[in-house]
Amino acid sequence: MPTIAVDKAALYKELGQEYTTEEFDELCFEFGIELDEDTSQSTKPEDQAQPAQLKIEIPANRYDMLCFEGIAMNLKVFLEKQKLPKWTVTAPKNSKMQVLNIKVETAQIRPLCSGVILRNIEFTQERYDSFIALQDKLHANLARQRTLVSIGTHDLDTIKGPFSYEALPPEQIEFVPLNQTKKMNGKELMEFYDKDKHLGRFLHIIRDSPVYPVIYDANRTVLSLPPIINGDHSKITLKTKNVFVEITALDKTKVEIVCQMLVAMFAGYAEAIEAIHINSPHNNETRQSPDLSPREMQAEVDYLNQVTGLDLSPEDISKLLSKMGHDVTPSSADKNILDVSVPITRADILHQADIMEDYAIAYGFNKLPRVYPNKTAAVSAPLPINKLADIIRVESAASGWTEVLPLILCSHEENFEWLNRKDDGKTAIKLANPKTAEYQLVRTSLLPGLLKTINSNKHHSVPMKIFEVSDVGFIDMEQERKSRNERHFAAAIMGKTSGFEQVHGLLDRLMLMLRSLFLTREDGLKNDKLEGYWIEEVDDPTFLQGHAAAIKLNLGGKNHTIGVFGILHPSVLQKFELPYPVSTVEFNLEVFM
Amino acid sequence: MPGTRGPVPVPLETQNRNLTQDILDLLDTKETLQTNEDFPAIPQAEIKAALDRLASRSMVEYKSINSDKVVLTSESEGIVENGSHEFKVWKAVKEAGKVSIKELPTIVGAQTASVGMGNGYKNKWIKKDGDSIVLLVTEEPKDTTREMLQGIQETQSVSDAKLLAELKKKKLATVTKVITYTVTKGPKYSKEMPVEHTDLTAEMLTSGAWETANFKPYNFAALGANQNAGALHPLNKVRQEFRNIFFSQGFVEMPTGHFVDTGFWNFDALFVPQQHPARDMQDTFFVSDPPKADKPRLDPANEATMDRMESGSKRLFATVESEKREKKPRDFEKYWNDVKKVHQEGAFGSIGYRYQYQEDESLRLVLRTHTTAVSTWALHRLAEDPRPARYFSIDRVFRNETVDATHLAEFHQIEGVIADFGLTLGGLQRFLEDFFRNMGIENLRFKPAYNPYTEPSMEIFGFHKGLKRWLEIGNSGMFRPEMLEPMGLPRDMRVYGFGLSLERPTMMKYGVSNIRELLGHKVDLNWIREQPAVRFDKD
């Protein structure tokens, strides 16, 4: 969630009222934003040195509250101190509408462009800073770090239309980037900004493309190289009167939202919002921009009242919804319908469910009638595998073993090499983008976690007896998700002696609890129908030779090998840095389902 | 020695001597002992142990005496041995007849030269003669400093407080506290240590020896024997408490047995747009191998599990109508297409997000970022026969987070879902009030919030009595029509969803401030063992 810092005194002045921190916190809470910090209560010297700020967390879908202007406006509307403004475009006074021509080549890299002109804007330092900061916030959030949308703003009086949005090979684009003095071409620019802390992270969006997007004016002055940087020539300053905004994008919906947000937030400082004509015949995007008309939709009174548990009249609902910026009139045709004009600021409204939520917020979430309709009778049931796991957990603890909960993710070597196991490439689920080597794959065995737990508990007295009942994961190409979990049980003991008979004894105990008889190998092999378990020596490189046994189980007329136990091979101990002998047991619980 | 039972003598062997016996022996010949005089070589702690042992059996009585002892430093011990500094200087001058001041330190040492020269002048034993020293007294003078220190060494005391302070200042003596004991016979004194029984044994019962046996006194101040107990993990103890709350409310536990899920189930079906930040590489673990999922389809194993769990409810609540109601088989192809449509173009009364939806993105495999992916699956299944239902799960979820005190790449999500007709938002608040009251949290407040798949969305705040402030304790809401209607659920069926992490309330309950001390391999085994049982109703 974005956090926006606003000047406290300026905001309270806008709201026409002083608030204590608690009162303002309460207002935010009711509206659905969150007061993170009031810096006047901070003890940090850097906070005390500045005028007090309110740091406010904004929900990720409220693009209309990403700057001071938006927060003040929405709160004033909520407090019924003003109506939400209506934004309209006006025709240019003495001249023809500005034109932006989009060339077909742009389809290769960044096909969409929109724009608007703000006439006779009055910047102050605060407004100017807020204008720049809003663009940064939109770039970071809605525009997904400029990949989907990027904004360029220019002093219209330094450039001359018609404008042209093109895509050209980087070597052919030459200009002086913003706040630089040297002219460079597209390729040089990439090198120049490669190490730049701020801009460096956006270069990848176009770097390897054969053509770069670029906007020229009638004199072939470069306005910008979206989504990286503007030209220095047309930069806006505090003195700028007429602002030309261009917005390039991959996403048609978002390009309009961004344009609408900039207009809604800053048109208040300008004399007029002037549309531009966009020529884009190759993709049927020829139009006038921006479209500032509210979106007309309908909401059902029944629905709004039923879900909120309220019973207000269409008129009362309309009044409450205007606190959220909606212009609502009960439909003349149908008593159950409200005609809702959704303002351009409310891009988050998709469905009447959103209107319903605004109704509940305007009414007050915490004033809603808290009545639980006692209609549902239900019968609970535990997940069978969890019930089985709980039996094993409780019996293991009752046998004197301590339950641990290591992580599911581990490194490749912990899961394979350190256990002397080989990765056949068909077993373990591997991760594409872990932040650290600790998390390379989903464990296929509980052993790495147990051994790491012992390692971190070396200060503990021996013998150490621990267990875990949890899931491991495997690739399984038969499944929709190409993988499956398997519930395993595992235990480990570290002591001065191997503890082999301890893990063996625990196995026997758990089998007894699972109604599994101890069989001789001969009997078990001879007759599949004879239910029970036995163990037989197995050669497994995880364990000391001659000290490992496979756990065999006859169940449901089938013979299964469900796991293995034994004394860990000294090389395994060395890898996990364990000072004493360790024995482990691990088996699959799913067969007992 | 564990397992030792029956009579055992109780000697206290120290430096190969039986100190308790020595004390008893000496008391036989002497009415009162002074430990500092009678056992000067034995350290005080050992004396005390022996005396306590005897006193606890009323064989002796003792009083402790605290006193100060003056001890010479190594410098003053040197003086006692070899004479004072001034004496050494006198002697050196006597032997040489005349000593240059410059050379004096090389003859007697620097310290002796500087101290001894000054005192020598003061005592009028020597005098300066130009750059050298010559004798004033030729007969060997009386070394009073040495004699004084000798006296202190013998008596270990200094009667003149002023002198003592001066000696301490000159670092010639230090004072230490000493504890000595005055020992007399006790009421049960005897010359021999009696044979004692540490415990009542079966043999003593048989022989009747218990009647006359002399039992070793029991130490009531000590803890009992360590149980070497096994233990369940505290996080799982809290988990069980939550499961019990869910079971008491008629919830069915969902099959969460797959860490890997698809972009479709984890995000798209939940109406999370494909460019949502949660789908970033920064936030979600993507799976590189296996490379790609299949499109959604029936999942026979989990279907069977759900059928089995819901059979109780079916048996109990079946009516003539419900038996007649026809099941509407799920159409996965339609679901797939409707989800795409509601994102891309809008549908079901929604204008949608209006962007280019990528089917490949739906088939990407991820480590589930929430168990809501499983709730989605369960709700889609419910559309076959829409009826009131309550589902829950508590299982592991994964976030590609940078690990710190409050964030791990893995944690447990508690999730509850209630589907019914005509549910209201206030009803969810009421339900949550009851749910959290079971954990001892009352007075909930709800904050409007944003979540792509719920509308309305409410953050749940509870007043923590211990911390005396409002804490965010969970999230909740009603699932969006854009999520439910593509499943084929009827428009008037509404679904509550709520969730919280298992770790947060557990950390509050057990006072843990770092999540790494709770989950993962770094957790201390002793900590696991020592955490009390969870009683939500009691604490």
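For chain B, an unreviewed UniProt entry supplies the name phenylalanine--tRNA ligase and the organism Ophiobolus disseminans. Heading Sequence similarities (unreviewed entry) of the UniProt record for chain B holds this comment: "Belongs to the class-II aminoacyl-tRNA synthetase family. Phe-tRNA synthetase alpha subunit type 2 subfamily."

Labelled according to an unreviewed UniProt entry, chain A appears under the name Phenylalanine--tRNA ligase beta subunit, originating from Ophiobolus disseminans. Under the UniProt heading Sequence similarities (unreviewed entry), the note attached to chain A is "Belongs to the phenylalanyl-tRNA synthetase beta subunit family. Type 2 subfamily."

## Side note on the domain arrangement of chain A
Partitioning chain A into domains gives domain 1 (3-78), domain 2 (99-289), domain 3 (302-342 + 349-367) and domain 4 (384-592). Once you take the C-alpha centre of each, domain 1 of chain A and domain 4 of chain A turn out to be 54 Å apart.

## Focus: the interface of chain B and chain A
As a measure of interface size, the accessible area lost when the parts come together is often cited. Of the residues lining the interface, 91 residues belong to chain B; the matching set on chain A comes to 83 residues. Here the residues of the side of chain B that touches chain A are counted per class, giving 42 nonpolar, 26 polar and 23 charged. Where strand β22 (residues 430-431) of chain A lies against strand β13 (residues 287-289) of chain B, two bridges are found, and the strand directions are antiparallel. Within β13(B), the position partnered with A:Lys430 by the bridge is B:Asp289.

## Some details on the environment of A:Ser445
Residue and element names in this part refer to chain A. Examined against the element boundaries, Ser445 turns out to sit in the loop between β23 (441-442) and α13 (447-456). C-beta crowding within 10 Å serves as the criterion here: with 22 such atoms nearby, Ser445 is assigned to the buried category. Sequence-distant contacts of Ser445, defined by excluding residues within four places in its chain, comprise Asn415, Val472 and Glu586.

## Points about the nonpolar core
Formed by 254 residues in total, the largest nonpolar core has its most connected members in A:Val258, A:Ile466 and B:Val495. Here this core gets 10 residues from one element, more than from any other, and that element is helix α7 (residues 252-266) of chain A. Residues contacting A:Ile466, with those up to four places away along its chain left out, are A:Trp401, A:Thr402, A:Val404, A:Leu450, A:Thr453, A:Ile454, A:Ala491, A:Ala492 and B:Leu525. Counting 14 residues, the second-largest nonpolar core is a separate cluster that includes B:Leu24, B:Ala50, B:Met59 and B:Val183.

## Some details on the UniProt feature "domain: B5" (unreviewed entry) in chain A
The positions UniProt marks with the feature "domain: B5" (unreviewed entry) are residues 292-370 of chain A. Taken end to end, residues 292-370 of chain A is 37% helix and 20% strand, and its two terminal C-alpha atoms sit 39 Å from one another.

## Side note on the packing of helix α11 (residues 384-398) of chain A against helix α14 (residues 500-513) of chain A
Residues and elements named next belong to chain A. Where α11 contacts α14, the two axes come as close as 10 Å, and the packing angle between them is 135 degrees. Judged by the inter-axis angle, α11 sits oblique to α14. Here the hand of the crossing between α11 and α14 comes out right-handed. Contacts between α11 and α14 involve Ile391, Ile392, Glu395 and Ser396 from the former and Leu506, Arg509, Leu510 and Met513 from the latter.

## Regarding the domain arrangement of chain B
For chain B, the assigned domains are domain 1 (7-68 + 178-211), domain 2 (74-173) and domain 3 (234-530). Inter-centroid distance (C-alpha atoms) of domain 2 of chain B to domain 3 of chain B is 91 Å.

## A word on the sheet that holds strand β5 (residues 112-119) of chain A
Residue and element names in this part refer to chain A. The strand order across the open sheet formed by four strands is β6-β13-β5-β14, and the pairing between neighbours is antiparallel. In this open sheet, the two edge strands, each paired with only one partner strand, are β6 (149-155) and β14 (272-274). The mean inter-strand angle of the sheet, taken between neighbouring strand axes irrespective of direction, is 20 degrees. As judged from the three bridges shared by β5 and β14, these two strands associate in the antiparallel manner.

## Some thoughts on the sheet that holds strand β17 (residues 295-300) of chain A
Residue and element names in this part refer to chain A. The three strands lie next to each other as β17-β19-β18, forming an open sheet whose pairing is antiparallel. A strand with exactly one partner marks an edge of an open sheet, and here the two such strands are β17 and β18 (327-330). If you compare each strand with its neighbour and ignore which way they point, the axes differ by 25 degrees on average. The strands touched by helix α8 (residues 301-308) within the sheet are β17 and β19 (337-342), with β17 carrying the most contacts at an inclination of about 60 degrees.

Reading the values: rules and limits
Residues numbered from 1 in each chain as written. Chains lettered and ligands numbered in written order. Predicted model: local features only at pLDDT ≥ 70, side-chain atom pairs only at ≥ 80, totals over all residues. UniProt positions renumbered as here; feature names shortened; annotations may be inferred. Domains from an automatic or database assignment. Contact = placed C-beta atoms within 7 Å. Nonpolar A, V, L, I, M, F, W, Y, C, P; charged D, E, K, R; others polar. Pairing = 2+ DSSP bridges. Helix = DSSP H or I, 4+ residues; strand = E, 2+ residues; numbered from the N terminus. Buried ≥ 20, exposed ≤ 12 C-beta atoms within 10 Å, placed from the backbone. Core = buried A, V, L, I, M, F, W, Y, C linked by C-beta atoms within 7 Å. Axes fitted to C-alpha atoms, helices over the stretch in contact; angles between N-to-C directions. Parallel < 35°, antiparallel > 145°, perpendicular 65-115°, else oblique. Left-handed = near helix turned anticlockwise from the far one by under 90°.

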